[in-house]
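Remarks on the overall topology
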There are 2 protein chains.
Amino acid sequence: MVRSNPLMIWWALSGTGTRQVSKTETATARPLTSRQLAALIGVSQSAISRAFTPGSSISSDLRSKILMAARDYGYRPNAIASMLTTRRTNIVGVVVSDMQNPFYPALLAQLTQGLQAAGLQSLFFNISPGASIEDQLHAIRTYNVDAVVIISATVLNERMLTWATEGRRSILLNRLGHEDITTVCCDNTLGFRSLVDHLFETGRRRIGYVAGFTTSGVGLVRYSAFTTRLAELGMRLVGTSTRQAYTHEAGRLSTLDLIPLEPDAIVYASDILALGGIETIRMAGRAKDIAVTGFDDIPMASWPGYSLTTYRQPVREIVDRTVELLLATDIGPPQRHTLQGELMIRATTDPAGWADVPPSA
Amino acid sequence: MVRSNPLMIWWALSGTGTRQVSKTETATARPLTSRQLAALIGVSQSAISRAFTPGSSISSDLRSKILMAARDYGYRPNAIASMLTTRRTNIVGVVVSDMQNPFYPALLAQLTQGLQAAGLQSLFFNISPGASIEDQLHAIRTYNVDAVVIISATVLNERMLTWATEGRRSILLNRLGHEDITTVCCDNTLGFRSLVDHLFETGRRRIGYVAGFTTSGVGLVRYSAFTTRLAELGMRLVGTSTRQAYTHEAGRLSTLDLIPLEPDAIVYASDILALGGIETIRMAGRAKDIAVTGFDDIPMASWPGYSLTTYRQPVREIVDRTVELLLATDIGPPQRHTLQGELMIRATTDPAGWADVPPSA
DNA sequence: ATGAAAGCGCTAACAT
DNA sequence: ATGTTAGCGCTTTCAT
């Protein structure tokens, strides 16, 4: 398929000599090249290159001489040119599809900072379900990104996943069920078991469940960890509901389904669902007898007005492990990295109910 | 400064013939080059280039022949190589510093999608105040990004701003007070005037104000629009407070300062502050007599549990204008684009009070 | 309209 | 340890 490039016309025009150079478009002199710098200080061009390449054989005298000159003359190596020869870009493609969920901005922010600290740049791909995914991801290939990190891109089917990742180091975050790509994921099983344990210990026995996507790997794992532990402890599953989304509204609506079933606790597949649930439960005046748990520990979970008991996803650790894997010398076969989070006990599982958390005080 | 390249070793290995090919590391044959494709179908290499360059002089016969062959053989032009000759990257550097505020993820998501739809890639820079900003932004220069979009990067001082934007098309979003860079910004003045008008019409007269940053351009404009309109309408400013942050907690705490001053409405510089304020006001049992307004219209503002009256920032329009400016043929001198938002009237300014919004029902 | 040839600014053999 | 040379895969004159 031919992809026409929308900027092309602009380029074409800006390439001609006829346009006026406007004030902002400072008739920027081309940046100094290594050859020019070499001429200026009377060394070979390759010396310049070596000076900027750690571990290359160059005397520290020459190197510091060159680096100082570079600073004085304002020389910086042109990354594009070196990409061409080395076939390395130091760019990681970061693919996201769902920024609605407040969990992702935090993950994304830390990920880019982590990559940045490791000298990697993030080329950002935000998949909108509207257009062709292949079109949206074409830059992964034409720009030759070194690696791809896919953040829970449930919109990518198996085929697109393969297309996007093939031939490059790839890591799937928060997505399960792919044998041939390395994944880094929170320990969902442990998380949901902990939550159920906590509910058990605080005396809850009739549990409802609100799912997000019931078809995704993570969704399935969470649900099955939940039900398994429930059964082990002899607790009762009074009902489940889903709107096939991880949104506040989905949480609100699903909770409406469950309240008539008289649960004494509702477990939500994620925090944002739980926040919606809290609203419904409050409206129904049931905050005193229905406990609520979430998953993720997004910032809002700890707002006094919610004080949601949840399981914290180890974002820091996920990011660190991801960067580590990206930088690793030897990659080996695809691996499954499962990182432990932490149970955050707050008001919504208080045995006495949480009707007295601020908003209703 | 020498930047060591973390992915180097891996690539070095994958380049030699000695490494073991692991399962993931599909012994990827180098992608086809234009020269190779040319040889395959018996045309010149430049013909290939022309086929992919709209507006170049090539017969449509030859072009379609080449494009079909490209599809069959899986040829894609190497963007890196063309960057080197054209000195254009089609990459926009997107600089963010504050992803805490839930307003930015939405803006960011739409911006990348907008850029993507225009054939531009987003290289993401998330500034953490810890490290050297210059270090964090060095890729803007070495990667030769075509343009820079800076999203309310209050952490960038004037000098860094100049350094990051010089020599390239640059746009500042949501930041004011810079004569020499084009800005695209919501009409803060109109917004705050509308909010005050609305409070006036609904009978409020004793107004408190909670600011975010009091030193930023946007912060000043918002406050001054607010006070100006207040004075015009003869309303009373009972007090102001700030914690120098746009966070839920800052909103909560600042509101504690204002309640003793007996306002009948509090105007918040942003939604996230207002949400914190709502919490404090509820705790104080004053929801029936203190109206609340925000600014931004983040998703949470419309949650039934908040139902916050606010002024919607025209995110769609801001993004569209930004992309338009980035693609424009002729750029001219720095401009100030001010886009109108929309007053969103919800429960928190109901004359009867909002004590009955769901959480306290 | 097409082909040939000369770079773009760097890295990486290959010499010395 | 340093310099010389040959590309990386394109775009772009310049011929024809």
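Computed from a predicted structure; not experimentally measured. (Residues numbered from 1 in each chain as written. Chains lettered and ligands numbered in written order. Predicted model: local features only at pLDDT ≥ 70, side-chain atom pairs only at ≥ 80, totals over all residues. Heavy atoms only, no water.)

Quick word on the protein's contact with DNA strand C
As a reminder of what qualifies: Nearness is judged by heavy atoms alone; a residue qualifies as near a molecule or strand once a single heavy atom is within 4 Å of it. Under the rule applied, a polar contact is a pair of N or O atoms within 3.5 Å (in protein, one hydrogen donor and one hydrogen acceptor; residues adjacent in sequence only if both atoms are side-chain atoms). What counts as a helix is a DSSP run of H or I of at least four residues, what counts as a strand is a run of E of at least two, and both are numbered from the N terminus. Each residue is assigned to one class: nonpolar for Ala, Val, Leu, Ile, Met, Phe, Trp, Tyr, Cys and Pro, charged for Asp, Glu, Lys and Arg, and polar for all the others, Gly among them.
Every one of the 29 residues lining DNA strand C counts as a neighbour, but S34(A), S49(A), R50(B), S59(B) and T85(B) are closest to it. Those atoms of DNA strand C that come within 4 Å of the protein belong to sugar or phosphate at a rate of 63%. Within the side chain of R30(A), one N or O atom sits 3.3 Å away from a phosphate oxygen of DNA strand C. The separation between a phosphate oxygen of DNA strand C and a polar main-chain atom of S34(A) is 2.4 Å. Counting only elements with at least two residues in the surface near DNA strand C, the list comes to α2 (34-41), α3 (45-51) and α5 (79-86) of chain A together with α3 (45-51) and α5 (79-86) of chain B. The leading source of residues in the surface near DNA strand C is α5(A), at five residues. Of the residues that constitute the surface near DNA strand C, the class distribution is nine nonpolar, 14 polar and six charged.

A few points about the protein's contact with DNA strand D
Around DNA strand D lies a shell of 28 residues, among which S46(A), R50(A), T85(A), Q45(B) and S49(B) are the nearest. Backbone atoms, meaning sugar and phosphate, make up 56% of the atoms of DNA strand D lying within 4 Å of the protein. Between DNA strand D and S46(A), the relevant distance is 3.1 Å, taken from a base oxygen to a side-chain nitrogen or oxygen of the residue. Put simply, the parts of the chain that give the surface near DNA strand D at least two residues each are α3 and α5 of chain A together with α2 (34-41), α3 and α5 of chain B. Taken together, the residues of the surface near DNA strand D sort by class into eight nonpolar, 14 polar and six charged.

A few points about the environment of R252(A)
Defined as follows: Categorising residues by exposure relies on relative accessible area from a 1.4 Å probe, with only protein chains included: less than 20% of the type maximum marks a residue as buried, more than 50% marks it as exposed, and the intermediate range marks it as partly exposed. In what follows, residue pairs with any heavy atoms lying within 4.5 Å of each other are defined as contacts.
Along the chain, R252(A) falls in helix α11 (residues 248-258). Owing to a relative accessible area of 23%, R252(A) belongs among the partly exposed residues under this scheme. In this view, R252(A) contacts G276(A), G277(A), E279(A), T280(A) and P304(B); residues no more than four positions away in its chain are not counted.

Structural notes on the side chain of D297(B)
Residues and elements named next belong to chain B. Among the secondary structure elements, D297 is positioned in the loop between β9 (291-293) and β10 (310-312). At 3.0 Å, the side chain of D297 forms a polar contact with the side chain of R346. The contacts of D297, once residues within four sequence positions are left out, are D271, T310, Y311, R312, M344 and R346.

Notes on the environment of S270(A)
Residues and elements named next belong to chain A. Within the fold, S270 resides in the loop between β8 (265-268) and α12 (271-283). Under the relative-accessibility criterion, S270 is labelled buried at 1%. Spatially, the C-alpha atoms of S270 and G212 are 7.5 Å apart, while their sequence positions differ by 58 residues.

Quick word on helix α6 (residues 103-117) of chain A
Owing to its 3.6 residues per turn, the α-helix brings residues three or four apart onto one side. Residue and element names in this part refer to chain A. Applied cut-off: A helix is expected to span 1.5 Å multiplied by its residue count minus one.
Counted at 1.5 Å a residue, the expected span for α6 with its 15 residues is 21 Å, and the 22 Å between its end C-alpha atoms agrees. For α6, the buried fraction is high: 11 of the 15 residues fall into the buried class. Listing the buried residues of α6 in full gives F103, Y104, P105, L107, L108, A109, L111, T112, G114, L115 and Q116. Note on α6: the residue one or two positions beyond its end, G119, has a positive phi of about 80°.

Description of the side chain of S170(A)
All names here are of chain A. Of note, S170 is situated in strand β4 (residues 169-173). Among the residues examined, S170 registers a relative accessible area of 11% and is labelled buried. Within polar-contact distance, the side chain of S170 engages the backbone oxygen of R168 at 2.8 Å. Not counting chain neighbours up to four residues away, the residues in contact with S170 comprise V148, T165, I181 and T182.

So, the sheet that holds β4(A)
Spelled out, the test is: DSSP bridges decide pairing: two strands pair if at least two such bridges lie between them. Convention adopted: a line fitted to C-alpha atoms gives each axis, helices being fitted over their contacting stretch, and angles between N-to-C directions are expressed from 0 to 180 degrees.
Taken in spatial order, the 12 strands of this open sheet run β11(A)-β5(A)-β4(A)-β3(A)-β1(A)-β2(A)-β2(B)-β1(B)-β3(B)-β4(B)-β5(B)-β11(B), and their pairing is mixed. Only two strands of the sheet have a single neighbouring strand rather than two, namely β11 (336-339) of chain A together with β11 (336-339) of chain B. Strand-to-strand twist of the sheet, defined as the mean angle between neighbouring strand axes without regard to direction, takes the value 20°. The strands touched by helix α13 (residues 315-327) of chain B are β1 (91-96), β3 (147-151), β4 (169-173), β5 (182-186) and β11 of chain B; relative to β4(B), the strand with the most contacts, the crossing angle is about 165°.

Things to note about the pattern of salt bridges
Residues and elements named next belong to chain A. As a reminder of what qualifies: In what follows, salt bridge is the name for a side-chain nitrogen of Lys or Arg lying within 4 Å of a carboxyl oxygen of Asp or Glu.
With the rule as written, the count across this model stands at 21 salt bridges over all chains. R243 is the salt-bridge partner of D257, the closest N and O atoms lying 3.0 Å from each other. Separated by 14 residues along the polypeptide, D257 in helix α11 and R243 in the loop between β7 (236-242) and α11 bring together distant segments of the chain. Judged by its relative accessible area of 35%, D257 falls in the partly exposed class. A salt bridge links E342 to R312; the nearest nitrogen and oxygen atoms lie 3.0 Å apart. Of this pair, E342 sits in strand β12 (residues 342-344) while R312 sits in strand β10 (residues 310-312), and the two are 30 residues apart along the sequence.

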